[in-house]
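Single-letter residue listing:
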Protein chains: 2
Amino acid sequence: MPEYHALKGSTKSLDFFKTPELAAKATLDAQRILGVDAAIMFADLLPVLEPMGMKLDYLEKIGPVFENPIPTNKQVDALSVVPAEEGVGYIRDTISGILSDLPREVDLIGFAGAPFTLASYAIEGRGSRNYVHVKKFMYGNPTGWKRLMDKLVETISNYVRLQYKSGVQAVQIFDSWIGCLSLTDYEQYVEPWTTNLMRRIHSQCGSDLPVIYFGTGNSHLVDVMYKTGPDFLALDWRTPLMPTWDRLGMPAIQGNLDPVILFAEPEVIKKKAKHILDQVNGRSGHIFNLGHGILPNTSPDNVKMLVDFVHDHDQSL
Amino acid sequence: MPEYHALKGSTKSLDFFKTPELAAKATLDAQRILGVDAAIMFADLLPVLEPMGMKLDYLEKIGPVFENPIPTNKQVDALSVVPAEEGVGYIRDTISGILSDLPREVDLIGFAGAPFTLASYAIEGRGSRNYVHVKKFMYGNPTGWKRLMDKLVETISNYVRLQYKSGVQAVQIFDSWIGCLSLTDYEQYVEPWTTNLMRRIHSQCGSDLPVIYFGTGNSHLVDVMYKTGPDFLALDWRTPLMPTWDRLGMPAIQGNLDPVILFAEPEVIKKKAKHILDQVNGRSGHIFNLGHGILPNTSPDNVKMLVDFVHDHDQSL
């Protein structure tokens with residue numbers, strides 16, 4: 001959105017995330033301009049790893065990069081678990097900044113990376129195509145993997161608790177890279193820790209904080225992902241919405257329009273959105289959403305049109 | 001493999017694919033050194049698009065690139081469908097070169113790209129992350145899409161017929177990018193043409209040429225992909241082998257070890273291979289294979305060890 005680029009100016013991405021006034025304004029602008037029913041805290045998955053000892057930067061055209069990706073046990077041992085208030089305290093101010101200006105009827109959704117996706121990033125050091133380094137580490141160094149995942153679960157759950165205490169009304173756990181794993185690898189290397197994370201979040205925040213668990217390219221993993229204990233799943237566009245909802249018997253579901261559809265003509269966008277809404281057929285508990293993040297160069301006008309279309313459809317029910 | 005690098009020297013990739021003596025030798029070397037039960041014709045998916053009018057090059061660190069990706073209807077109209085003997089006649093010589101030196105008991109598998117994956121490459125122009133251009137084209141220009149896919153089906157089926165007439169004993173159709181589509185998009189934009197391709201191959205080559213259809217990240221699509229009419233599917237590591245085999249009732253199945261596992265220690269590789277073999281439990285029709293192509297920097301020794309391990313296991317049954 002042009003409003004975001006104007007706000008960001010020459011501020012570096014990492015500084016932007018860590019400056020509560022800017023992150024709060026970006027959150028509020030997006031919610032107000034697009035007219036969506038909930039606001040998503042403007043943040044990134046990775047800055048929570050900084051206070052652990054990971055050196056993070058966001059590079060032009062490359063994206064986030066760690067200068068010191070994890071190749072050894074020793075480096076895992078050196079990672080610190082610091083209280084979230086201390087390590088990422090700025091998120092509290094971002095959230096209170098958002099809440100002071102967010103309309104009462106609009107909920108604020110917090111978010112955090114899932115243990116596997118954060119571990120992958122810490123090991124790969126940057127975006128990856130084949131995830132060779134993380135799988136090699138996982139297969140070859142079970143002790144190091146356990147230590148890393150244990151530390152991540154503690155760090156993430158504390159980060160979520162801080163968001164909860166600061167006032168978010170739901171939290172979404174992003175496992176963006178989980179689709180690279182087979183089911184047996186998920187069961188062995190991920191499930192115990194994600195289950196532990198869900199348990200910690202529920203015990204630290206109580207049952208009034210809905211926890212949404214999201215993955216991409218993970219049709220083959222949705223059953224075991226739901227088993228880890230989130231309140232419900234958010235699906236990407238590859239996983240069929242209604243059969244999955246029915247099979248898992250979840251109280252709610254989020255998804256799942258392919259974000260690339262927003263590059264199409266308005267009539268195509270409406271047709272594709274209607275296809276989802278027709279399947280859901282007014283069933284309570286469906287949160288209409290894209291199946292992944294908004295892509296760069298998406299037209300904000302198309303997003304607004306989509307939001308209006310979904311609202312009109314809801315009113316017609 | 002060092003043998004391949006020695007053979008390739010400074011030959012450009014595209015020239016290598018189009019030089020029958022080199023491509024045949026690469027095929028034979030790989031089969032002999034690794035000790036696999038079948039040889040795969042050394043070739044790439046994309047050169048078949050060259051005689052249609054697409055300008056192809058292979059760039060260092062980037063991979064295949066089309067100088068003239070398709071953005072318009074007019075360009076689709078300009079694409080030629082030329083007889084395979086004329087456009088890609090070198091493949092006949094590659095195959096006869098392979099067959100003259102391949103041990104009798106070893107089958108030769110040909111291969112070709114599937115219509116969607118070739119259309120995507122022609123439109124994106126190079127490797128893609130989000131497939132924005134191809135989906136935009138597909139959603140926004142149904143007429144152009146139909147013409148493009150029609151031409152591809154004709155080109156691919158003629159290419160397969162040439163391979164068949166030259167002596168391949170099976171053919172594998174690669175839909176490497178298909179996993180980016182939702183089920184409804186596959187049904188609308190891909191299924192009719194893939195079905196048509198399978199029908200043409202079967203009618204041109206008879207039922208004695210087994211056709212294997214392969215995709216990646218496509219757990220959500222395997223049912224409809226099998227419905228298009230291949231003899232059976234090859235699965236990537238994300239799609240569970242036995243449940244899929246049982247559900248679809250296929251006569252055979254190929255797959256599905258994650259190629260990244262070859263970067264692990266021998267004990268891990270054996271354990272993971274055994275996990276697949278134990279599931280299959282000697283059932284006839286399983287072709288042990290990786291779930292995708294070999295990755296760069298994979299140790300040939302690990303591949304040889306895996307081949308030996310699978311052979312030893314077979315003999316112990």
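The preceding data block contains the structure.
What comes next concerns the included structure. No experiment lies behind these values; they were computed from the predicted model shown.

Residues and elements named next belong to chain A. Helix α15 (residues 300–315) packs onto helix α14 (residues 266–280) with a crossing angle of 40° between their chain directions and a minimal axis gap of 10 Å. Compared by their axis directions, α14 and α15 come out oblique. Along this stretch, α14 crosses α15, giving a crossing that reads as right-handed. Mapping the contact onto sequence places P266, I269, K270, A273, K274, L277 and D278 in α14 and N302, M305, L306, F309, V310 and H313 in α15. Split into classes, the residues belonging to the contact of α14 with α15 amount to eight nonpolar, two polar and three charged.

Residues and elements named next belong to chain B. Mapped onto the secondary structure, G255 falls in strand β8 (residues 253–257). Taking the C-alpha atoms as reference points, G255 and T239, separated by 16 residues in sequence, lie 9.5 Å from one another. If near-sequence neighbours (up to four positions away) are discounted, G255 is found in contact with L235, L241, I276, H286, I287, F288, N289 and L290.

Another aspect to go through is the side chain of S157 of chain B. Residues and elements named next belong to chain B. Relative to the elements of secondary structure, S157 occurs in helix α9 (residues 142–166). Under the relative-accessibility criterion, S157 is labelled buried at 0%. S157 has contacts with L197, R200, I201 and Q204, leaving out every residue within four places of it along the chain.

Bringing the interface of chain B and chain A into the picture now. The interface of chain B with chain A comprises 28 residues on the first partner and 28 residues on the second. Ionic pairing is found between D258 of chain A and K135 of chain B, a salt bridge with its closest N-O pair at 2.5 Å. Remark: the boundary between chain B and chain A carries eight residue pairs in polar contact (both at pLDDT 80 or more). Residue assignment for the side of chain B that touches chain A shows that the elements contributing at least two residues are α8 (132–140), α10 (183–189) and α14 (266–280) of chain B. Among the residues forming the side of chain B that touches chain A, the class breakdown is 13 nonpolar, eight polar and seven charged.

Criteria and cut-off values
- Residues numbered from 1 in each chain as written.
- Chains lettered and ligands numbered in written order.
- Predicted model: local features only at pLDDT ≥ 70, side-chain atom pairs only at ≥ 80, totals over all residues.
- Heavy atoms only, no water.
- Axes fitted to C-alpha atoms, helices over the stretch in contact; angles between N-to-C directions.
- Helix = DSSP H or I, 4+ residues; strand = E, 2+ residues; numbered from the N terminus.
- Parallel < 35°, antiparallel > 145°, perpendicular 65-115°, else oblique.
- Left-handed = near helix turned anticlockwise from the far one by under 90°.
- Contact = heavy atoms within 4.5 Å.
- Nonpolar A, V, L, I, M, F, W, Y, C, P; charged D, E, K, R; others polar.
- Buried < 20%, exposed > 50% of the residue type's maximum accessible area, 1.4 Å probe, protein only.
- Salt bridge = Lys/Arg side-chain N within 4 Å of Asp/Glu carboxyl O.
- Polar contact = N/O pair within 3.5 Å; in protein donor to acceptor, adjacent residues only side chain to side chain.

Any link to function would need more than the numbers given here.
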